[in-house]
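Residue-level structural notes
Given next are the chains, with one letter for each unit.
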Amino acid sequence: MSELTGGEAVYESLRALGVEHVFGIVSIHNIPIYDAIFRGGGITPISVRHEQGAVHAADGYARATGKLGVAITSTGPGAANGMTGLLEAGFASSPVLMITGQVDTGLYGKGKGVLHEAENQIPMLRTVTRVAESIRRPEEVGETVVRVARQIRTGRPQPGAIEVPIDVQYARAEIDIPHMESWPRITPNKTALATAVSVLNEAKRVVIWAGGGVVSSGASADLVQLAEALGAPVVTTTNRRGSIPEDHPLSVGAFSPQPGMTEVFESADVVLAIGTRFQSAETREFKLNIPGKIVHIDADPGVVNRNYRAEVAVVGDARLAIAGLIRGLSGGAKDPEYLARVCALSASTRQQMLAQIGPDFEAIMNTMRELLPRDALIVRDATIPAYLWGNRLMPILEPRTSLNPTSNAIGPALPLAIGASIGTGKKAVIIQGDGGFMLNLSELSTAVQYNVPIIVCVFNDRGYGILRTLEARSFDGRQFGTELSTPDFAMVARGMGMH
């Protein structure tokens, strides 16, 4: 134990967790934490322009690096501003920890109307996190921070939040900082794993459905090895594509919702689903027919059998489970015609989608991919170019290089890219619409301040283009609320110091 202030204990706990960057805004209710970070060193604070941007940036950092993403906000308005980012992190299964302030413990819950008072902050935060806790004594700081971080990294990653009252941040006490050696992994049940191996050994036509859990567990190389051992094609979800390089011969893309891929699933005798929830967008709103056996591997027991019934359920870490499958495979003969047919269907589907987007979008996409490094970050917002080609057609060649708002929120792309690029040092291209861009436009200044190597491609149709289409289809062509007065974005960027 050491005598520390509560603010210093937060800093020491983050150091024990291996944290190297935090994103946020300095406030009267978190100054002691920031002061400890500045004095202690080893953690770089990134000052953003809005707390929503802070949490999105921490999310992008976590997705791109595999590390814990940390945002530090003020109490009340600051914490409320970060709620959108926590919601998105939850959808994306991203380990983001938000540390927020709170008023003095002696004033908490008294309703006196003090500065930044937020009596129901913890209940609010619990609506979008796995766990949200309030610290009442400085002696609790180290244990609470490390324990919450472990909780949100165990199984399927999720966001968490901790509030630290300002008097606790200033108070001194003998505080223990737990040692953290490694993040926990859920070990798959041996019997369930053996059953899965038996089903795969007997199967002739196997297709692998790889979700974000493959990337979260660092199992991309293992997935490729498994696919090669099975001779099985790999379909990926849009959430963290790159679990298999999309120029690998067994990669058949993120095309599960496309009608041309129906035969892939209807003719498979086994669908091996790893780290996925079978989300609505990937299954045509759960109408995709999968008549064969499903072997479902996921670290979260709550998602198994939620949308599709599994013949075999293996609850556990994707990397550990894949390693167990590889050890048990007998190398039984597979149907080579099935693999050839799946690859042909994938190629045909891709050509149909390219024809639909037209030559201009295809040329833009091809130019981006040609000029970007193989490991460059490709970040999309919820915008027409993303839906048409960025989310599924733009080739993703490395894990943790594909980011998009999985909650389909508009606006997160810029701060997601800032956090991802700061965490990895990699270049990033952002595919952004004008409507969504306006929500976090101020973070251009953050990118300039920290020399973040990003390129923002704004597809400007001066409005909410997706909603225009939906209105036209649903309301006899009437248009309302979708037209926007947009600035000269190049001039705004120059005004902030960006080329």
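Residues numbered from 1 in each chain as written. Predicted model: local features only at pLDDT ≥ 70, side-chain atom pairs only at ≥ 80, totals over all residues. Heavy atoms only, no water.

Strand order in the open sheet made by the 5 strands is 10-9-11-12-13, with parallel pairing throughout. Here the strands that pair on one side only, and so sit at the sheet edges, are strand 10 (234–236) and strand 13 (312–315). Strand-to-strand twist across the sheet, computed as the mean angle between neighbouring axes with direction ignored, equals 15°. The pairing of strand 11 (residues 270–274) with strand 12 (residues 293–298) spans 5 bridges and is parallel. Of the residues in strand 12, the one forming a bridge with valine 271 is isoleucine 294. (Pairing = 2+ DSSP bridges. Helix = DSSP H or I, 4+ residues; strand = E, 2+ residues; numbered from the N terminus. Axes fitted to C-alpha atoms, helices over the stretch in contact; angles between N-to-C directions.)

Before going further, it helps to spend a moment on the packing of aromatic side chains. Enumeration over the complete set of coordinates arrives at 9 aromatic pairs. Plain terms: the ring middles of tryptophan 209 and phenylalanine 265 are 5.2 Å apart, the flat faces sit at 50° to each other, and that makes the pair tilted. A residue pair is termed long-range when its members are at least 10 positions apart, and tryptophan 209 in strand 9 (residues 206–210) and phenylalanine 265 in helix 12 (residues 262–266) qualify at 56 residues. Residue class for tryptophan 209 comes out buried when judged on its relative accessible area of 1%. You can call phenylalanine 265 buried: its relative accessible area is 1%. Site record: aromatic cluster; members linked through ring pairs are Trp209, Phe265, Phe278 and Tyr308. (Phe/Tyr/Trp six-rings, centres within 6.5 Å; stacked < 30°, edge-to-face > 60°. Buried < 20%, exposed > 50% of the residue type's maximum accessible area, 1.4 Å probe, protein only.)

It is worth spelling out the sheet that holds strand 4 (residues 69–73) at this point. The parallel open sheet is built from 6 strands, whose spatial order is 3-2-4-5-7-6. Strands at the two margins of the open sheet, each flanked by one partner only, are strand 3 (44–47) and strand 6 (131–134). Each neighbouring strand pair of the sheet contributes to a mean axis angle of 20°, computed without reference to strand direction. Here strand 5 (residues 96–102) runs beside strand 7 (residues 160–165); their pairing, made up of 6 bridges, is parallel. Directly across from glycine 101, in strand 7, lies its bridge partner valine 164. Here helix 7 (residues 141–153) sits on the sheet and contacts strand 5, strand 6 and strand 7; the angle it forms with strand 6, its principal contact strand, is near 170°. (Contact = heavy atoms within 4.5 Å.)

Buried within helix 19 (residues 465–474) we find Gly465, Arg468 and Glu471. Projected down its long axis, helix 19 carries its buried residues within an arc of 120°, all on one side. Across from the buried face of helix 19, at angles greater than 90 degrees, the exposed residues are Arg473 and Ser474. Taken from the residues just after helix 19, aspartate 476 is the one with a positive phi, measuring 55°. (Arc of directions from axis to C-beta.)

Looking down a regular strand, the side chains alternate between one sheet face and the other. As paired strands, strand 2 (residues 21–24) and strand 3 are joined by 4 bridges and run parallel to one another. Within strand 3, the residue paired with glycine 24 across the bridge is serine 47. As a crossover connection, the stretch from strand 2 through helix 2 (residues 31–40) into strand 3 is right-handed. (Right-handed = clockwise from strand over helix to strand, strands pointing away.)

Core analysis: the biggest nonpolar cluster contains 44 residues, and Phe23, Val379 and Ile454 have the highest contact counts within it. The biggest single contributor to this core is helix 16 (residues 413–424), with 7 residues. Discounting residues that sit within four places of it in the chain, valine 379 has contacts with Leu403, Ala413, Leu416, Ala417, Val429, Ile430 and Ile431. With 37 residues, the next largest nonpolar core counts Met261, Phe278, Tyr308 and Ala310 among its residues. (Core = buried A, V, L, I, M, F, W, Y, C linked by side-chain atoms within 4.5 Å.)

None of the figures reported here should be taken as evidence of function without further support.
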